[in-house]
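Structure assessment
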Amino acid sequence: MPSDNAATVEPRSSEQSGAVDSGILHDLLGHLLRHAFNRGQAVFSEVFEDDGVTPLQFMILELISKNPGIAHSRICTAMGTAASVVTTTMKPLLAAGTVVGRASETDRRVTRYRLSQRGEKWFADLRPKIADCEDRFARSLTDRQRAELIASLKRLSGIED
C-alpha cells in the first residue's frame, strides 16, 4: 500500500485526450434508442424550425386529424404516454384554436377533440414536411434497412399493423 507521501500520477482525463470510453453503452439497445431519439428530435427541430410545432404536438395533431372526435384517453393510449403529457402538450394547441374540444354527447365528462377549420388547413400545409424530416433522419440507411428498422421497432413497441 503506498504511503501518504507517495507521489501519485493521475490518469489522463477524457477532456485531455478527447476520447470517452463508453464501456458497454454502445451495445445497449436502450442507450442506442435514446441516442437515435435525440437525433430525431434535433432533425425535427431543424425541419419544423419556423412552424411553431413540437414533435409531441405533431403526434397529437396527426391523431386528431385522422380521428376527429377522439377522446383524451385514446390519444394517450395511441401515443403510449401519460395523460398529463398529453394535457400539457395540447394546451397551446387549444389556446391557439388549432384544436377544439367539446363534451361528448354520451358522457359529458369526456372531451372529444377535433381540428378547427383553421387548424385543418394549417396542419394540411405542415404535414408534408414530415417526409423530409424522416428522410433526413434516416439518410444513413438504405430503403430496406429503414423498412426493417421500422418493422423491428413496431415489434419491440407491441404495435401491430
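Residues numbered from 1 in each chain as written. Predicted model: local features only at pLDDT ≥ 70, side-chain atom pairs only at ≥ 80, totals over all residues. Heavy atoms only, no water.

Digging into the nonpolar core
Filter applied, for reference: To form a nonpolar core, buried Ala, Val, Leu, Ile, Met, Phe, Trp, Tyr and Cys residues must be joined to one another through side-chain atoms within 4.5 Å. Relative accessibility thresholds used throughout: buried, under 20% of the residue-type maximum; exposed, over 50%; partly exposed, between the two (1.4 Å probe, protein chains only). The helix count covers DSSP runs of H or I at least four residues long, the strand count covers runs of E at least two residues long, and both are numbered beginning at the N terminus. Two residues form a contact once any of their heavy atoms are found within 4.5 Å.
With 23 residues, the main nonpolar core has Phe48, Ile60, Ile64, Ile75, Met90 and Val99 as its most contacted residues. For this core, the secondary-structure elements that each account for two or more residues are helix 2 (29–47), helix 3 (55–66), helix 4 (72–79), helix 5 (83–95), strand 3 (111–115) and helix 6 (117–126). Here this core gets five residues from one element, more than from any other, and that element is helix 3. Ignoring sequence-local partners within four residues, the contact set of isoleucine 75 consists of Ile60, Leu63, Ile64, Ile70, Val86, Met90 and Tyr113.

Brief notes about the packing of helix 3 against helix 5
Our working definition: Angles shown run from 0 to 180 degrees and are taken between the N-to-C directions of axes, each axis being a line fitted to C-alpha atoms and, for helices, limited to the stretch in contact. Any angle from 65 to 115 degrees is called roughly perpendicular, while one under 35 is roughly parallel, one over 145 is roughly antiparallel, and all others are oblique. Asp, Glu, Lys and Arg are counted as charged, while Ala, Val, Leu, Ile, Met, Phe, Trp, Tyr, Cys and Pro are counted as nonpolar; the rest, among them Gly, fall into the polar class.
In contact at an axis separation of 10 Å, helix 3 and helix 5 are set at 85° when each is read in the N-to-C sense. When the axis of helix 3 is compared with that of helix 5, the two are roughly perpendicular. Along the contact surface, helix 3 presents Leu56, Gln57, Ile60, Leu61 and Ile64, while helix 5 presents Val85, Val86, Thr89, Met90, Pro92 and Leu93. Residue composition of the contact of helix 3 with helix 5, by class: nine nonpolar, two polar and no charged.

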